[in-house]
Amino acid sequence: MSKVKVSLPKGMRDFGPEQVQKRQYIINTIKSVFELYGFMPIETPVMENLTTLNGKGGEESDKLLFKVLNSGDYLKKAEQQHLEEKNYKSLLPNISEKGLRYDLTVPLARYVVMHQNELTFPFKRYQIQPVWRADRPQKGRYREFWQCDADVLGSDSLLNEVELIQIFAKVFKQLGIEMNIHLNTRKLLVAMVELSGKQDKLTSFTVILDKLDKIGIDKVIELLNEAGFNAKTFDLVKAIANNSSDFLNSEVAKQLAQTETGKVGLQELNKILSLIDDETKQQVKIDATLARGLDYYTGPIFEIKAAGFSGSLGSGGRYDNLTGNFGLPGVSGVGISFGLDRIYDVMKDQNLFPTSNTNITQVLLINFDKETEQQVFQLTTQLRQTGLKTEFYPTQAKLKKQMKYANDKNIPFVILAGSRELESGKLTLKNMQNGEQQEADIKTIISILKDSIGNE
RNA sequence: GUGGUUGUAGCUCAGUUGGUUAGAGCGCCGGAUUGUGGUUCCGGAGGCCGCGGGUUCAAGUCCCGUCUUCCACCCCA
């Protein structure tokens, strides 16, 4: 038998028991907050049709797509001409018609269109699933990662924005992560290009502005210049960069209010701020430079930034016409997304995971010998019926080995029940944390364990 | 996709201008201790030096290719 060298494809990761428990801790926290606000879970398949996935992003997102080859003899169906030309673009539709989803928003749009007659609007759904992107992995960027999304569809009310901001705040507070919620609205960005007379260049403008905190104002101006923006644009960008602390009362805000779009945008921000509770408000930063690359956003946009971590831990915003491409116009929505893997990284860096782990085995029964095995095995049932997470060592290994097993797995209690104990009816209970032992009958032991574990 | 970087024991890493049998710490296994883990002491196992090719009397070491890692860009959670 030849040995196969095992490895993982680029950017793919395994998670051990400890990591999975920590990831689930994050997921459970997010999930419980989503549900507290009335969101319901859905799940969608990992694969979608390429026609669906290409619905929004265009060329850029196409590069990030993992495509799946058609089943069967897929080359047979490929057109000879495309094969000979080796033209990727024209050949692709011949050999691949599905791909892995790269976010949860496009599948949501597809879902809503397909199930529109079953849904009650406003539709509040959450979705916690992995997504895949074929870009080069680096810090905080994975080829397979989990998003935790909550979206409200079919409601224009800004109360939704407020609630989603509160969800951000509540989740990160529960997790112990200090962060700021950067808030802006796309409408102000539109107002800026309108004032500059460059309405047609909104996407280019937002992409460049988005780099501000990374490359600085001078570089941004340079890029804007190269992209064909004018002095008016430069002035506006400089002004918003300089008025980061009190933007809403700044001169530039008044300027933006001269356009209808800008006026509405400022009203939106003021309305949202007026509805947010005081505690959450302290974490909200009006940030007129926040742009967000994705061009389907049309209203308020958010991004979560934590100190010491470049890149966002979450983001979101309002989109007016997400399902329009799929033949269902007029459905407005707003949503947020938590980046599970990045949240994990930050919590690991800052040591924020709780130390008490309630998921592990609480008590191990030692397996001494063949004579007592069956009798002790019965005890596991009794212990489990009381809710104690119980293990019975499956072989008669050396005591030392069994104790080491308990130690390595951080099991806090061990019950030793050999022939000696079974004869007397008093079992030995060992506390692995302090090494103390005591003898007692099974009922007493159960109540000791219950007390001890309940107090943690 | 562009540019750079990395790979030696399960893990973290040494390994000289190319030169005997590739090392350490931690971990693992066994013993001291046949009913007691985490400490201590003693012993042991474990390497296609990422993979493929080349240069050389000789390659972990130099060259080329490839895969992988990490980082920056692009873009983004």
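Residues numbered from 1 in each chain as written. Chains lettered and ligands numbered in written order. Predicted model: local features only at pLDDT ≥ 70, side-chain atom pairs only at ≥ 80, totals over all residues. Heavy atoms only, no water.

Novice: Lay out the overall build of chain A in plain terms, naming residues and giving numbers.
Specialist: Along its length, chain A carries 20 helices and 16 strands. Taken over C-alpha atoms, the radius of gyration comes to 29 Å for chain A, far larger than the 23 Å a tight globule of 456 residues would show. With the C-alpha coordinates of chain A rotated into their principal frame, the extents come out at 95 × 65 × 45 Å. The burial tally for chain A puts 46% of its 456 residues in the buried class. For chain A, restricting intrachain contacts to residue pairs at least 6 apart in sequence, the fraction spanning at least 24 positions comes to 68%. When the accessible surface of chain A is summed, it comes to about 24200 Å², and 49% of that surface belongs to carbon and sulfur atoms. (Helix = DSSP H or I, 4+ residues; strand = E, 2+ residues; numbered from the N terminus. Rg over C-alpha atoms; globule rule 2.2 N^0.38 Å. Buried < 20%, exposed > 50% of the residue type's maximum accessible area, 1.4 Å probe, protein only. Contact = heavy atoms within 4.5 Å. Areas by Shrake-Rupley, 256 points an atom, 1.4 Å probe, with all protein chains shown as cover.)

Novice: Any chance you could break down helix H6 (residues 105-114) for me, citing the residues and the numbers?
Specialist: In terms of burial, H6 is a largely internal element, 9 of the 10 residues being buried. Of the residues making up H6, those classed as buried are Thr-105, Val-106, Pro-107, Leu-108, Ala-109, Arg-110, Tyr-111, Val-112 and Val-113.

Novice: Account for the sheet that holds strand E11 (residues 333-339), with residues named and values stated.
Specialist: Taken in spatial order, the 8 strands of this open sheet run E1-E5-E6-E11-E10-E9-E7-E8, and their pairing is mixed. Each edge of the sheet is formed by a strand with only one pairing partner; in this case those strands are strand E1 (40-41) and strand E8 (284-286). Of the pairings in the sheet, the one linking strand E7 (residues 179-185) to strand E9 (residues 300-306) comprises 7 bridges and is antiparallel in character. Of the residues in E9, the one forming a bridge with His-182 is Glu-303. Seen against the sheet, helix H8 (residues 186-196) touches E7 and E9 and runs at an angle of roughly 50° to E7. Most of the contacts of helix H16 (residues 340-349) go to E11, to which it runs at about 40°, and overall it touches strand E6 (144-153) and E11. (Pairing = 2+ DSSP bridges. Axes fitted to C-alpha atoms, helices over the stretch in contact; angles between N-to-C directions.)

Novice: Describe in detail the nonpolar core, supporting the description with residues and values.
Specialist: Core analysis: the biggest nonpolar cluster contains 71 residues, and Phe-34, Ile-167, Phe-247, Phe-338 and Ile-343 have the highest contact counts within it. No other element matches helix H7 (residues 159-175), which puts 9 residues into this core. Counting 18 residues, the second largest nonpolar core, distinct from the first, contains Leu-388, Phe-413, Leu-429 and Ile-446. (Core = buried A, V, L, I, M, F, W, Y, C linked by side-chain atoms within 4.5 Å.)

Novice: I'd love a proper account of the sheet that holds strand E16 (residues 437-440), names of residues and values included.
Specialist: Pairing within the open sheet is mixed, and its 5 strands lie in the order E13-E12-E14-E15-E16. The sheet terminates laterally at strand E13 (390-392) and E16, the two strands that pair on one side only. Going across the sheet, the axis of each strand differs from the next one's by a mean of 25°, ignoring polarity. Both strand E12 (residues 363-365) and E13 contribute to a ladder of 3 bridges, which runs parallel. Note that in E13 the partner of Val-363 across the bridge is Thr-390.

Novice: Run through the pattern of salt bridges, naming residues and quoting values.
Specialist: For the structure on display, the rule yields 16 salt bridges. When the shortest N-O distance is used, the salt bridge between Glu-18 and Lys-22 registers 2.8 Å. In this pair, Glu-18 and Lys-22 are both assigned in helix H1 (residues 17-36), 4 residues apart and thus about one turn of the helix distant. Note on Glu-18: relative accessible area 53%, which makes it exposed. Taking the shortest distance from any N to any O, the salt bridge between Glu-48 and Arg-110 comes out at 2.5 Å. Note that Glu-48 is positioned in strand E2 (residues 47-49) and Arg-110 in helix H6, a separation of 62 residues in sequence. The two residues Glu-48 and Arg-110 agree in class, both being buried. Counted as one network, the salt bridges with shared partners bring together Asp-213, Arg-292, Glu-303 and Lys-305. (Salt bridge = Lys/Arg side-chain N within 4 Å of Asp/Glu carboxyl O.)

Novice: Quick rundown of the side chain of Arg-110? Include the residues and the values.
Specialist: Accessibility expressed as a relative area gives 15% for Arg-110, which makes it buried. Not counting residues up to four positions away in its chain, the partners in contact with Arg-110 are Thr-44, Pro-45, Glu-48, Thr-52 and Phe-326.

Novice: Lay out the pairing of strand E10 (residues 314-319) in plain terms, naming residues and giving numbers.
Specialist: Within E10, 6 of the 6 residues are buried, leaving the element largely enclosed by the surrounding structure. Here E10 shows a buried face lined by Gly-314, Gly-316 and Arg-318 and a second buried face lined by Ser-315, Gly-317 and Tyr-319. Of the strand pairs in this sheet, E9 and E10 are connected by 4 bridges, and their pairing is antiparallel. Following the sheet pairing, Ile-304 is matched in E10 by Gly-314. Relative to E11, E10 runs antiparallel, the two being bridged by 6 bridges. Its bridge partner lying in E11, Arg-318 is registered against Val-334.

Novice: Could you give me a rundown of the environment of Thr-261, with the residues and numbers involved?
Specialist: Topologically, Thr-261 is positioned in helix H14 (residues 260-275). Between the C-alpha atoms of Thr-261 and Leu-189, which are 72 residues apart in sequence, the distance is 9.2 Å. In this view, Thr-261 contacts Lys-187, Val-190 and Glu-194; residues no more than four positions away in its chain are not counted.

Novice: Quick rundown of the environment of Asp-295? Include the residues and the values.
Specialist: You can see Asp-295 is positioned in the loop between E8 and E9. Residue classification places Asp-295 among the exposed residues on the basis of a relative accessible area of 53%. Discounting chain neighbours no more than four positions away, the residues touching Asp-295 are Arg-186 and Thr-203.

Novice: Explain the protein's contact with RNA strand B to me, using residue names and the numbers behind them.
Specialist: In the vicinity of RNA strand B lie 40 residues, with Arg-133, Lys-139, Arg-141, Lys-211 and Ser-312 positioned nearest. Across the atoms of RNA strand B situated within 4 Å of the protein, the share located in sugar and phosphate is 53%. Contact between RNA strand B and Arg-133: a sugar or linking oxygen at 2.3 Å from a side-chain N or O atom of the residue. Lys-139 has a polar backbone atom sitting 2.3 Å from a phosphate oxygen of RNA strand B. Listing elements by their share of the surface near RNA strand B, those giving two or more residues are E6, E10, helix H18 (399-408) and helix H19 (419-424). (Near = heavy atom within 4 Å. Polar contact = N/O pair within 3.5 Å; in protein donor to acceptor, adjacent residues only side chain to side chain.)

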